[in-house]
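As a plain string of letters, each chain reads:
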Amino acid sequence: MSPLEPFGARLRRAMDERGPLCVGIDPHASLLVEWGLNDDVAGLERFSRTVVEAVADRVAVMKPQSAFFERFGSRGVAVLETVVREARVAGTLVVMDAKRGDIGSTMAGYAEAYLHKDAPLFSDALTVSPYLGYGSLGPAVGLARENGAGLFVLALTSNPEGGEVQHAMRADGRTVGATMLAHLAAENAGEQPLGSFGAVVGATVGDLASYDLDVNGPLLAPGVGAQGATAADLPRVFGPALRNVVPNVSRGVLRQGPDPVALRDAARRFADEIRDVVADA
Ligand SMILES: O=C(O)c1cc(=O)[nH]c(=O)n1[C@@H]1O[C@H](COP(=O)(O)O)[C@@H](O)[C@H]1O
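Everything numeric in this text was worked out from a predicted model, so none of it was measured.

A. Inspection of the packing of aromatic side chains at higher detail. Tallied over the entire structure, the rule returns two aromatic pairs. Look at Phe7 and Phe152: their rings are 6.0 Å apart centre to centre, the planes differ by 90°, and that puts the pair in the edge-to-face class. Of this pair, Phe7 sits in helix 1 (residues 7-18) while Phe152 sits in strand 5 (residues 150-156), and the two are 145 residues apart along the sequence. Taken as a pair, Phe7 and Phe152 share a single burial class, namely buried. Here the aromatic rings of Trp35 and Phe47 are separated by 4.1 Å at their centres, their planes lie at 35°, and the arrangement is tilted. In this pair, Trp35 is assigned in the loop between helix 2 (29-34) and helix 3 (41-55) and Phe47 in helix 3, connecting sequence segments 12 residues apart.

This is how it looks when you write it as structure tokens:
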């Protein structure tokens, strides 16, 4: 596997081989305690390593949530570096969930931090916020292309508050969320087998019939499990775009720990349910 092979192509293959499930690595303080760990750097490290060892050799994607590592300062970020490296070595693709977004010149710095192949936190893809204007993401798009990485752009997020921004109607009659999807479709035009610039579309957002989800890129769908969505909701939400959906489950799997067998079983149950609904669609 060439490190410069585009993320979209690598993701398509991983989804075909392993199914589309993404397991989140979200070391909430409450989960550390539930697992009998201390809410400290040693607990963070044990938690993350256990999750990686349990599932990284079998799921297509893992998504560490940077916030829960940053909370411990530089030592937490050092753990995050290890998690990213070990998960990638185990054969899964890593989406860094840091939801970065800033004016273009600063965005270039964030891009260097996550999307340059020599960066300590280099990840296969990064979540980014386009709400300083889609064009502000330009440096991240460029560096991702150069390094075979990808982006997941927040379009229609899973939280109930997102609608006030994302469903807002623009003067041209399109919603803000639809505009982000249109930018991504343009970014991915002509890419085979799948573009590298995905959208985040929550599994909880309900009927999206009025949105064109055909962006020729992956759709990261958080919200399954703890936020109330189920695999059975996915066909209704995503319609014909279901084939490109990467459902993320974090707490729904993590709450089954710390037993690695229980974590693996939980991931397999979600993966099986998702595979069945995709096959039936
Ligand atoms: O970008 C994300 O991953 C994301 C976007 C979104 O709209 N909603 C959302 O829940 N997420 C992330 O997905 C994960 C969901 O975790 P669970 O609700 O525990 O499965 C968290 O890390 C969230 O930050």
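Let's pick the thread back up.
B. Fine view of the pairing of strand 4 (residues 125-128). Burial of the side chains of strand 4 extends over both faces: Ala125 and Thr127 are buried on one face and Leu126 and Val128 on the other. Bridge count between strand 3 (residues 93-100) and strand 4: three bridges; the pairing is parallel. Among the inter-strand pairings, Met96 is bridged to a residue of strand 4, identified as Leu126. The pairing of strand 4 with strand 5 spans four bridges and is classified as parallel. Paired with Ala125 across the two strands is Gly150, which belongs to strand 5. Following the backbone out of strand 4, through helix 7 (residues 138-147) and into the adjacent parallel strand 5, one traces a crossover that is right-handed.

C. Seen up close, the packing of helix 3 against helix 12 (residues 260-280). Axis separation between helix 3 and helix 12 bottoms out at 9 Å; the angle between their running directions is 55°. Relative to helix 12, helix 3 is oriented oblique. Two packed elements cross with a definite hand, and for helix 3 against helix 12 that hand is right-handed. Contacts between helix 3 and helix 12 involve Thr50, Val51, Glu53, Ala54 and Val55 from the first element and Pro260, Leu263, Arg264 and Ala267 from the second. Broken down by class, the residue content of the contact of helix 3 with helix 12 amounts to six nonpolar, one polar and two charged.

D. Geometry of the side chain of Thr127. Secondary-structure assignment places Thr127 in strand 4. A residue is classified by how much of its surface remains accessible, and Thr127, at 1% relative accessible area, is buried. Here Lys99 takes part through its backbone nitrogen, which lies 2.9 Å from a polar atom of the side chain of Thr127. Residues within four places of Thr127 in sequence aside, it is in contact with Val95, Met96, Asp97, Ala98, Lys99, Arg100, Phe152 and Leu220.

E. Summary view of the site of the ligand. Lining the immediate environment of the ligand, one finds 17 residues, of which Asp26, Lys63, Ser158, Gln227 and Arg251 sit closest. Within the side chain of Gln65, one N or O atom sits 3.0 Å away from an oxygen atom of the ligand. Compared with its free state, where it exposes 510 Å², the ligand has 89% of that area covered by protein. Classifying every residue of the shell around the ligand by side-chain character gives five nonpolar, seven polar and five charged.

Rules of the game
Residues numbered from 1 in each chain as written. Predicted model: local features only at pLDDT ≥ 70, side-chain atom pairs only at ≥ 80, totals over all residues. Heavy atoms only, no water. Phe/Tyr/Trp six-rings, centres within 6.5 Å; stacked < 30°, edge-to-face > 60°. Helix = DSSP H or I, 4+ residues; strand = E, 2+ residues; numbered from the N terminus. Buried < 20%, exposed > 50% of the residue type's maximum accessible area, 1.4 Å probe, protein only. Pairing = 2+ DSSP bridges. Right-handed = clockwise from strand over helix to strand, strands pointing away. Axes fitted to C-alpha atoms, helices over the stretch in contact; angles between N-to-C directions. Parallel < 35°, antiparallel > 145°, perpendicular 65-115°, else oblique. Left-handed = near helix turned anticlockwise from the far one by under 90°. Contact = heavy atoms within 4.5 Å. Nonpolar A, V, L, I, M, F, W, Y, C, P; charged D, E, K, R; others polar. Polar contact = N/O pair within 3.5 Å; in protein donor to acceptor, adjacent residues only side chain to side chain. Near = heavy atom within 4 Å. Areas by Shrake-Rupley, 256 points an atom, 1.4 Å probe, with all protein chains shown as cover.

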